[in-house]
Amino acid sequence: MSAAAEQFKHDAERLTRDLRHRSLIQTALKKYEAARDAKKSRYRDWQSARQTAAEIKWDAINHLDKYLEEFVGKIEARGTKVHWASNGEQARQIILGIIGEKKARSIIKSKVMTGEEIHLNEALEKAGLIVVESDFGEYIVQLRHEAPYHFVFPAMHLVRGEISELFQKELGSKPTDEPEELMMIARQVLRGKYITADIGISGANFAIAETGMISITENEGNARLTCALPKVHIALMGIEKVLPKLEDLALFLPMLATAGAGQALTGYNSFYGGPRQPGESDGPLEFHVVLLDNKRTHLLADPEQRDALHCIRCGACLNVCPIYRNVGGHSYGTTYQGPIGSVITPHLRGLQNWKHLSYASSLCGACTEACPVKIDLHHHLLQSRRNAIAQRPIWWERFAFKGFGFLMNRPALVAIASKLGRMAQIFHPLVKGTRFDPARAWTRSRELPVIAGQTFREFWRSRRR
Amino acid sequence: MSERESILGRIREALHVPAPVPGVHDHNRLAHGASEAEAAKHIPEWLPAVGDSFEERVELFRANAAELKADFRLLGDARELEAQLRALATAESWKTIASHSGEMTDRACAALALPRLATDQSYDANELERCDAGISECDALVAQTGSVLVSSRSAGGRALSVLPPHHVVLARREQLLADLPAAFALLKSKYGSNYPSFISFITGPSRTGDIERILVLGAHGPRRLTILCV
């Protein structure tokens, strides 16, 4: 077992038994479900909307080279500098290079999951820079020195008391039980930072090839401030974010909001098509876009699972996943949690070390059904299991299945085996649950089904007589 | 070889093997038309319904605004708008306001007779932060979602509509559009040859649900959003 697999097993087991954790997650997600269903029912045809979204994304991903070049050409024509990074190290060096050139000291960040993916904050802090997360949930987990619990709701696992305690300790604020007051504390701390920060770093939800713009979706306004006030704006994004046309957003923005958070539209959906243009009064003087591959082309090269690149990171698959709802976001140990994380992490970080996530699924298909762009998530988990075994076969499993095949092809042997099984079952209670029990993995927490007193063949023979 | 070339090279190599279209079993065609361009034409048909008449659209916008905790008022004329604005200024005891020059904003701000920070030319962000309200025009209102469409050209730059604690939008009746596809069509016809560097759909006041999924207004942006439409 890989270290990641052992950690997952350990944390998942602990959290599954944690009833407080479970009730917290259930409460949060029940509110989400009610809101999502109410908003979904307003669509005239949600299923057709999903199909159209899937087809547009299919077109974008299957002509990715063409659309990326179009996007880059258009956005560069308006004074943006585009950088290409094959991996996390290159992306970090590009960003550190821009910061060094500007002699910048302080950085304000709005939420950027690709930043989590390449451990950007650690690299910036190591270079002696002051980095502040401005998204409220991200700010909380940054103060706690932990990873986001959910890539849409980063602080979903915390209650107000814990946040109040954190603020008392880290910011010296007064204790409070009011969510509004807690938000005000963070707002006041962060307000000044937008104005004094030298550089703003953001992510991107979509990149529009036709017009050369990035689109950022948020509720709080922190990303808008990050992209408006500092003199330099750096946007870090994966290469798969491209959409062909601006009007495609008329579908993707509402679907992202509804599937992801049960909203008709997220608070702010903003498009940035360059730095401050002639005649404009504010906005950054420099705009850099960093395009990150980091093994996305590895996923692209697998036509069977290529549609995982259609993902718009709404988080709907996490919210409905019975595994996520029990083991929680941190157990995964990945940047992207839940079913989509279980599908893409083996491509981004290596199949053998992360194949265990393919088994973190009941294969119920709730994720596939929830996905607004119709990614075939639960089948991809099955394919990953197959691929992992094909790449590195397990000798005893192969031997066992060969033996099983041999047995099942010989009716006489099956008859003997079922007779032996029935006899052995009489003595099973003597060893059941102990370390001598051959079925211990099963009987530790479950009853072994009783073998029928008569096989079908025996029944058939007795009936004809 | 540059990184650009090596990434594009990897993409082209990966795309040598075609991938099936999701949800389509006949791989020679898409479910909703022959191509992606055709599939996209159907978008308005799937989105939430919007009535045809102006009255239905106003009612939908009003309902959406109420749900979003935005304040929407449909007013008779410019005088009424000025009166409403003065009432807001008194109620919240505004001392300074920020705005940009425009037909509606100039008239409204003159009626308020308060010190005014203009965001048409470069300005001091600290000063804007101290303003009690930001008053702007917009490109459109969207009935389907209760959104206000703004851009750096129509609404006084990037920060005016997000930094002050109260954002007041001045709109005209004919700016009320039915749905999102209509808003994107407007963007294309209005700016197609030269887009502003910033465009945003503002849907309600700034908000967060990060603490126990409880709605809190006024996260980092304005706590109040008022839309005055004449």
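Before reading further, recall that the structure is shown in the block above.
Residues numbered from 1 in each chain as written. Chains lettered and ligands numbered in written order. Predicted model: local features only at pLDDT ≥ 70, side-chain atom pairs only at ≥ 80, totals over all residues.

K.L.:
Pulling in residues and values, what's your account of the overall build of chain A?
P.N.:
Across its full length, chain A holds 23 helices and ten strands. Projecting the C-alpha coordinates of chain A onto the three principal axes gives extents of approximately 100 × 55 × 45 Å. Across the 465 residues of chain A, 50% fall into the buried class. Restricting to contacts in chain A with at least 6 residues of sequence separation, those with at least 24 account for 73%. (Helix = DSSP H or I, 4+ residues; strand = E, 2+ residues; numbered from the N terminus. Buried ≥ 20, exposed ≤ 12 C-beta atoms within 10 Å, placed from the backbone. Contact = placed C-beta atoms within 7 Å.)

K.L.:
So what's going on with the nonpolar core? Residues and values would help.
P.N.:
The biggest cluster of nonpolar side chains holds 187 residues, and the ones touching the most others in it are Leu 64, Phe 252, Val 290 and Cys 317 of chain A together with Ile 227 of chain B. When residues of this core are assigned to their parent elements, the largest contribution, ten residues, is made by helix α12 (residues 249-261) of chain A. Among residues more than four places away in sequence, those in contact with Ile 227 of chain B are Ala 65, Ala 70, Asp 71, Phe 72, Leu 141, Val 148, Val 169 and Ala 171 of chain B. (Core = buried A, V, L, I, M, F, W, Y, C linked by C-beta atoms within 7 Å.)

K.L.:
So what about the sheet that holds strand β1 (residues 71-74) of chain B? Which residues, and what values?
P.N.:
Residue and element names in this part refer to chain B. Sheet architecture is open: six strands sit in the order β1-β12-β7-β4-β2-β3, paired in parallel fashion. The sheet is open, and its two edges are formed by β1 and β3 (116-118), each paired on a single side. Along the sheet, successive strands turn relative to each other by an average axial angle of 20 degrees, direction set aside. As paired elements, strand β4 (residues 133-136) and strand β7 (residues 166-171) share three bridges and run parallel to each other. Among the inter-strand pairings, Ser 136 is bridged to a residue of β7, identified as Val 169. (Pairing = 2+ DSSP bridges. Axes fitted to C-alpha atoms, helices over the stretch in contact; angles between N-to-C directions.)

K.L.:
A description of the packing of α12 of chain A against helix α8 (residues 180-191) of chain B should follow, citing residues and the corresponding values.
P.N.:
At a minimum axis distance of 9 Å, the contact between α12 of chain A and α8 of chain B shows a crossing angle of 135 degrees. Looking at the two axes, α12 of chain A sits oblique to α8 of chain B. Crossing hand, α12 of chain A versus α8 of chain B: right-handed. Residues Leu 249, Ala 250 and Pro 254 of chain A of α12 of chain A pack against Leu 180, Pro 181 and Phe 184 of chain B of α8 of chain B. (Parallel < 35°, antiparallel > 145°, perpendicular 65-115°, else oblique. Left-handed = near helix turned anticlockwise from the far one by under 90°.)

K.L.:
A description of the environment of Asp 18 of chain A should follow, citing residues and the corresponding values.
P.N.:
Residue position: Asp 18 of chain A is located in the loop between α1 (3-16) and α2 (19-40). Measuring from C-alpha to C-alpha, the distance between Asp 18 of chain A and Val 327 of chain A comes to 9.2 Å, with 309 residues separating the pair along the chain.

K.L.:
Give me the lowdown on the interface of chain B and chain A, citing residues and values where you can.
P.N.:
Facing 72 residues of chain B, the contacting portion of chain A comprises 86 residues. At the level of elements, α1 (3-14), α2 (36-41), α3 (43-46), α7 (125-130), α8, β9 (198-202) and β10 (207-208) of chain B are the ones that each hand at least two residues to the side of chain B that touches chain A. In terms of residues, the side of chain B that touches chain A owes the most to one element, α1 of chain B, which gives nine residues. Taken together, the residues of the side of chain B that touches chain A sort by class into 37 nonpolar, 21 polar and 14 charged. (Nonpolar A, V, L, I, M, F, W, Y, C, P; charged D, E, K, R; others polar.)

K.L.:
Let's hear about helix α5 (residues 78-91) of chain B: which residues, and what values?
P.N.:
Residue and element names in this part refer to chain B. Along its 14 residues, α5 runs 20 Å from first to last C-alpha, staying within 8% of the 20 Å computed at 1.5 Å per residue. Check the buried side of α5 and you find it contacts α6 (103-112), β7 and β12 (224-229). One or two steps after α5, the chain reaches Ser 93, where phi turns positive at roughly 40 degrees. (Expected span 1.5 Å × (residues − 1).)

K.L.:
Break down the sheet that holds strand β4 (residues 199-202) of chain A for me, citing the residues and quoting the values.
P.N.:
Residue and element names in this part refer to chain A. Here we have six strands laid out as an open sheet, ordered β1-β10-β7-β4-β2-β3, and parallel in their pairing. In this open sheet, the two edge strands, each paired with only one partner strand, are β1 (81-85) and β3 (130-133). Across the sheet, the mean angle separating the axes of adjacent strands is 20 degrees when strand polarity is ignored. Direction of pairing for strand β7 (residues 232-238) relative to strand β10 (residues 286-292): parallel, over a ladder of seven bridges.

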